[in-house]
Amino acid sequence: MSKLQSEPKEIRICFVGESFINGIGDPDFLGWTGRVCANAHQRGYEITYYNLGVRAETSRFLKQRWRKEVSYRLASEYDGRVVFSFGVNDSGWTGKQQGIDLTESLDNTHTILSEAKQLYPVLMVGPPPCGDENQEQRNQQIAHQSQQFALVCRELDIPYLDVFSTLVNSSIWLAEAKANDGAHPREAGYAEFASIVQNWDAWLSWFTT
């Protein structure tokens, strides 16, 4: 086998979103995105990983920046992919301050994803639950938001992963989030999040020979 044939094909992946993409709260500074890429690398895949998470960002501002930031990193000669994950800020304090309702959040999501899928293979990972004092009411909002995001992705034929339904029943995720800042877990919580993603068929399909 030649050297060219034996070398793994490089995949460049941009992860676009807010603080859960960034991995806020993780003392290892990996979050779930770093962990899923490390797992793929351990399985023999060559990955260039770009974390484009911005803390406290809403879909309104993500819509304005994502294309410029992604296209700068994913030139056409590379095998570029994009994973989006956002929404918690839209339904929280930041979104309320900006006057974002569910209708705008869904419109922004539709615009972002419909533009992105014309340029790259795209996946979307839904928003996770929070563990703050208003957990029940806030999580009901996030659960409904996640269901609506799933419908947008179905319309656009983009794979969507509902992590909320699993993590809302995770004692590790909720306990770490509550003990930390009410929203973001520590390393064990992000490891649980990563496990859900790295066993997702749509994610795994990116790494078939």
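Refer to the structure presented above.
Keep in mind that what you see is a predicted model, and the values were worked out from it rather than measured. (Residues numbered from 1 in each chain as written. Predicted model: local features only at pLDDT ≥ 70, side-chain atom pairs only at ≥ 80, totals over all residues. Heavy atoms only, no water.)

Peer 1: Is there a simple way to think about the environment of Asp157 in this case?
Peer 2: Looking at the secondary structure, you find Asp157 in the loop between helix H7 (135–156) and strand E5 (160–161). Put simply, Asp157 and Ser114 are 43 residues apart on the chain and 9.6 Å apart in space, counted from C-alpha to C-alpha. (Helix = DSSP H or I, 4+ residues; strand = E, 2+ residues; numbered from the N terminus.)

Peer 1: Looking at this model, I keep getting lost on unusual backbone geometry. Mind explaining?
Peer 2: A positive phi angle, near 55°, is found at Phe29, a position not held by glycine. Along the chain, the position of Phe29 falls in the loop between helix H2 (19–22) and helix H3 (31–42). For Phe29, a relative accessible area of 74% gives the class exposed. Residue Ala56 is not a glycine yet carries a positive backbone phi of 70°. Along the chain, Ala56 turns up in the loop between strand E2 (46–53) and helix H4 (59–73). (Buried < 20%, exposed > 50% of the residue type's maximum accessible area, 1.4 Å probe, protein only.)

Peer 1: Would you take a moment to explain the packing of aromatic side chains for this structure?
Peer 2: Between two aromatic rings, the relevant description is the distance of the centres plus the angle of the planes. Following the criterion strictly, the structure yields 12 aromatic pairs and no others. Between Trp203 and Trp206, the aromatic rings sit 5.9 Å apart at their centres with planes inclined by 45°, giving tilted as the arrangement. There is no split in this pair, since Trp203 and Trp206 are both buried. A connected cluster of aromatic rings, assembled from ring pairs, spans Phe15, Phe20, Trp32, Tyr45, Tyr49, Trp173, Tyr190, Phe193, Trp203, Trp206 and Phe207. (Phe/Tyr/Trp six-rings, centres within 6.5 Å; stacked < 30°, edge-to-face > 60°.)

Peer 1: Mind showing me how you'd approach the pattern of salt bridges here?
Peer 2: For side chains bearing opposite charge, pairing can occur when the charged atoms are close. Evaluation of the coordinates by the stated rule reveals 8 salt bridges. With its nearest N and O atoms 2.8 Å apart, the salt bridge here joins Glu104 to Arg60. Taken together, the residues Glu104 in helix H6 (residues 102–116) and Arg60 in helix H4 connect sequence positions 44 residues apart. Glu104 gets classed as buried once you look at its relative accessible area, which sits at 18%. Among the ionic pairs, Arg65 bridges to Glu69, the shortest N-O distance being 2.8 Å. Of this pair, Arg65 and Glu69 are both found in helix H4, 4 residues apart, which corresponds to roughly one turn of the helix. Residue classification places Glu69 among the partly exposed positions, given a relative accessible area of 25%. Overlapping salt bridges bring together Asp26, Asp28 and Arg35 as one network. (Salt bridge = Lys/Arg side-chain N within 4 Å of Asp/Glu carboxyl O.)

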